[in-house]
Amino acid sequence: DGYLSGVTPNPDILCNSEIKFKLFLDEALTLWYDMIATGHYAKITTTQTNWTFRLLRGADELKDQSYFLAWLNQYQLSKALFPLGDLTKTEVRTIAHRSGLPNADRKDSQWLCFVGNVPMSKLLQEKIGTKSGDIVSTDGKVLWTHSWAYQYTIGQRKGIGLHVQCYVVDIDIIRNRVVVSTDEQDALLYRTVFHWRNPHRILSEPTMPFRSMCKIRYRQWLQPCTVTKTANWSITVTTDEPQKWVPNGQICVLYGGSNNQEVLWSWEITSEDCIDHD
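A brief structural summary. In this text, all values refer to a predicted model and were calculated from it rather than measured experimentally. (Residues numbered from 1 in each chain as written. Predicted model: local features only at pLDDT ≥ 70, side-chain atom pairs only at ≥ 80, totals over all residues. Heavy atoms only, no water.)

## Side note on the overall build of the protein
Keep this limit in mind: A helix here means a DSSP run of H or I that spans at least four residues, while a strand means a run of E at least two residues long, and both kinds are numbered starting from the N terminus. Only C-alpha atoms enter the radius of gyration; for comparison, a globular chain is expected to reach 2.2 Å times N to the power 0.38, where N is the number of residues. Relative accessible area decides the class of each residue, using a 1.4 Å probe on protein chains only: under 20% of the type maximum gives buried, over 50% gives exposed, and in between gives partly exposed. The contact definition used throughout considers only heavy atoms, calling two residues in contact when any of these lie within 4.5 Å. We get accessible surface area from the Shrake-Rupley algorithm with a probe of 1.4 Å; when it comes to residues, only the shown protein chains can shield them. Here the positive residues are Lys and Arg and the negative ones are Asp and Glu; neither His nor the chain ends is included. One atom stands in for each charge, and that atom is NZ of Lys, CZ of Arg, CG of Asp or CD of Glu.
Summing up its helical and strand segments, the protein has 4 helices and 14 strands in all. Here the C-alpha radius of gyration of the protein, 21 Å, is about what a compact globule of 278 residues would show, namely 19 Å. Along the longest, intermediate and shortest principal axes, the C-alpha atoms of the protein span 60 × 50 × 35 Å. Burial statistics for the protein: of 278 residues in total, 44% are counted as buried. For the protein, contacts bridging at least 24 residues in sequence account for 59% of all contacts bridging at least 6. Surface summary for the protein: the accessible area is close to 15,600 Å², and the carbon and sulfur share equals 53%. Computed over 29 positive and 30 negative side-chain charges, the inter-centroid distance for the protein is 4 Å.

Set out below in structure tokens:
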């Protein structure tokens, strides 16, 4: 549904909140297990005074996976264990070698666990089909054709089919049109203001406006930003520096607390104001 509406969803985050820590957790509890443990590089701390659970970044800065867990709720966190949270990936591999595990040198997986090693474009074609349309330049000139606009994402530069290096800067689902630019620094590839929908809070709402740090993709350093609530009660996040290649549908995660280690909020990025109903 997300692809058909012209956004680029994040299935890893949905998988964690809806499958691993929902369907799988429910089944484990049905079988009389108390909790589930996963290999995510993240931490959970609890405050015994009011029994609230906090999600923190893992010790390995390069492998921290708190971003993928940002949609978990208090109940899910209360039933989860992350034993790798204080370890680096190098330390984990060392332990695996020492223990004689056969997967000690296995490469990191790069595909969806419930799909397998199948390109997303192929999966979408099997599920949705194709519908030819135009690839156009920013001035409207038709350059080539495509098999359906939903298969593209903002910032994409491979698999477009043109003989010159170009970047997807816009996707028009209604007209089934993909807009590209040959300029890697094209202003259309950058965004500074992010509106949200489907917000998720792990704890209570801070007083706004407030300063925070955010991530708009997994492999990204934390970015300083300001969070404000507008007159019509929608939430806007403004980053200090323009962010490149940010499609609608991706998840923005806010971090705060001591040394900005704690996951505070997360939401789906959109171009339009959305009233906060959470």
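Structure's up, so let's keep going.
## Side note on the side chain of Gln76
Tracing the sequence through the fold places Gln76 in helix H2 (residues 74-78). For Gln76, the residues in contact, after removing those within four places along its chain, are Ser17, Phe21, Lys22, Leu25 and Trp71.

## Here we look at the side chain of Ser181
For clarity, the threshold we go by: Side-chain atoms alone can form a polar contact between residues adjacent in sequence; in general such a contact is a pair of N or O atoms within 3.5 Å, and within protein one must be able to donate a hydrogen while the other accepts it.
The topology assignment puts Ser181 in strand S8 (residues 177-181). Ser181 gets classed as buried once you look at its relative accessible area, which sits at 7%. A polar side-chain atom of Ser181 sits 2.8 Å from a polar atom in the side chain of Asp186.

## Re unusual backbone geometry
Across the junction of Met208 and Pro209, the peptide omega takes the value -5°, indicating a cis bond. With respect to the helices and strands, the residue Pro209 is situated in the loop between strand S9 (190-201) and strand S10 (210-215). Its identity as a non-glycine residue notwithstanding, Trp32 has a phi of 75°, on the positive side.

## Let's talk about the pattern of salt bridges
Note the threshold: By convention in these notes, a salt bridge is any Lys or Arg side-chain nitrogen within 4 Å of a carboxyl oxygen on Asp or Glu.
Applying the stated criterion across every chain yields a total of 11 salt bridges. A salt bridge links Arg57 to Asp64; the shortest N-O distance between them is 3.1 Å. Taken individually, Arg57 and Asp64 each receive the classification buried, so the pair is uniform in this respect. Between Arg211 and Asp240 there is a salt bridge whose closest N-O contact spans 2.7 Å. In this pair, Arg211 sits in strand S10 while Asp240 sits in strand S12 (residues 235-244), placing the two residues 29 residues apart along the sequence. Salt bridges linked by common partners bring Arg57, Glu61, Asp64 and Lys215 together as one network.

## Thoughts on the pairing of strand S13 (residues 251-256)
Filter applied, for reference: Two strands qualify as a pair provided DSSP detects at least 2 bridges between them.
The buried count for S13 comes to 6 of 6 residues, which makes it a mostly enclosed element. Sheet analysis places S10 next to S13, joined by 3 bridges and oriented antiparallel. The residue of S13 that forms the bridge with Lys215 is Val253. Bridge count for S13 against strand S14 (residues 262-270) is 6 bridges, and the pairing is antiparallel. Bridge assignment links Cys252 to a residue of S14, and that residue is Trp267. From the end of S13 to the start of S14, which pair antiparallel, there are 5 residues, and Gly257 there has a positive phi angle of about 75°.

## Comments concerning the nonpolar core
How we decide: Joining through side-chain atoms within 4.5 Å is the link that ties buried Ala, Val, Leu, Ile, Met, Phe, Trp, Tyr and Cys residues into a set, and such a set is a nonpolar core.
Within the largest apolar cluster, 25 residues are counted, with the highest numbers of intra-cluster contacts made by Leu55, Tyr67 and Phe82. Looking at this core, the elements that each hand over two or more residues are helix H1 (11-30), strand S3 (52-57) and S13. Counting residues per element, this core draws most heavily on H1, which supplies 4 residues. Those residues in contact with Tyr67, other than ones at most four positions away along the chain, are Asn10, Ile13, Lys215, Ile216, Arg217, Tyr218, Gln250, Ile251, Val253 and Tyr255. Among the nonpolar cores identified, the runner-up in size contains 16 residues, and Trp196, Phe210, Ile235 and Trp265 belong to it.

These results come straight from atomic positions and should not be treated as a statement about function.
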